[in-house]
Amino acid sequence: MCFFVQTNHTRKELLFLMFKEINLRNHSSLHKLFYSLAKAANMIVKVKVDQEIDEFNMLATTSSLAVISLFDVVACILMKKKNFNKKNFLANHPSGDVGERLNKEVS
């Protein structure tokens, strides 16, 4: 499973940094790459945010939360489909607050 997130608000410099390893020379090359990936995808989910919460529509707060929410939904669906349990979760998160809580519950 692979996720690609593209936004119209992303600056070219950030896109070039993200894809520097594959030697894309210009902005249109990036759009061609995303278009090719989208054509090959099994599913495309568009998350649309018309207005960010700040008065200047500059901070990607609302759109970031929308994408994070989508990833949370996908994670929950996969956990249920794969019968993921607290013991599995503990194997991936053995320390910190999550690990401490799971250690008490799983033991």
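Rules used in this analysis
Per-chain numbering applies: the sequence of each chain, read as written, is numbered from 1 onward. Given that the model is predicted, a residue must reach a pLDDT of at least 70 before its local features are reported, and side-chain atom pairs must reach 80 or more before they are shown or counted; all residues, however, enter totals for whole chains, interfaces and linings. Values reported for side chains reflect all heavy atoms of the structure, with hydrogen atoms and water molecules removed beforehand. Only residues whose relative accessible area exceeds 30% and that form no salt bridge enter a patch; like-charged residues are grouped when within 9 Å of one another, and nonpolar side chains (Val, Leu, Ile, Met, Phe, Trp, Tyr) when within 5 Å. Computed with a 1.4 Å probe, the accessible areas rest on the Shrake-Rupley method; for each residue, only the protein chains presented here act as cover. Here, a salt bridge means any Lys or Arg side-chain nitrogen found within 4 Å of an Asp or Glu carboxyl oxygen. Starting at the N terminus, helices and strands are each numbered in turn, a helix being any DSSP run of H or I of at least four residues and a strand any DSSP run of E of at least two. Side-chain rings of Phe, Tyr and Trp, where Trp is taken by its six-membered ring, are said to pair if the distance between their centres is within 6.5 Å; with planes under 30 degrees apart they count as stacked, over 60 as edge-to-face, and otherwise as tilted. Whether a residue is buried, partly exposed or exposed follows from its accessible area with a 1.4 Å probe, protein chains only, as a fraction of its type maximum: under 20%, in between, or over 50%, in that order.

Q: Kindly report on a nonpolar patch on the surface, identifying the contributing residues and their values.
A: A cluster of nonpolar side chains, contributed by M43, V45 and V47, occupies part of the molecular surface with about 290 Å² of accessible area. For V45, the position within the fold is in the loop between α2 (27–40) and α3 (61–81).

Q: Which residues make up the pattern of salt bridges, and what values do they have?
A: Within the structure shown, the criterion is met by three salt bridges. Several salt bridges share partner residues, and in doing so they unite K86, R101 and E105 into one network.

Q: Can you lay out the packing of aromatic side chains for me, pointing to particular residues and giving the numbers?
A: Counted under the stated rule, the structure contains one aromatic pair. When the ring of F84 is compared with that of F89, the centres are 6.0 Å apart and the planes differ by 75 degrees; the resulting orientation is edge-to-face. F84 sits in the partly exposed class, given a relative accessible area of 31%. Of the residues examined, F89 reaches a relative accessible area of 27% and is grouped as partly exposed.

Q: Give me the lowdown on unusual backbone geometry, citing residues and values where you can.
A: Of note in this structure, N57 is not a glycine but carries a positive phi near 55 degrees. Tracing the backbone shows N57 in the loop between α2 and α3. One non-glycine residue, N83, adopts positive backbone phi at about 55 degrees.

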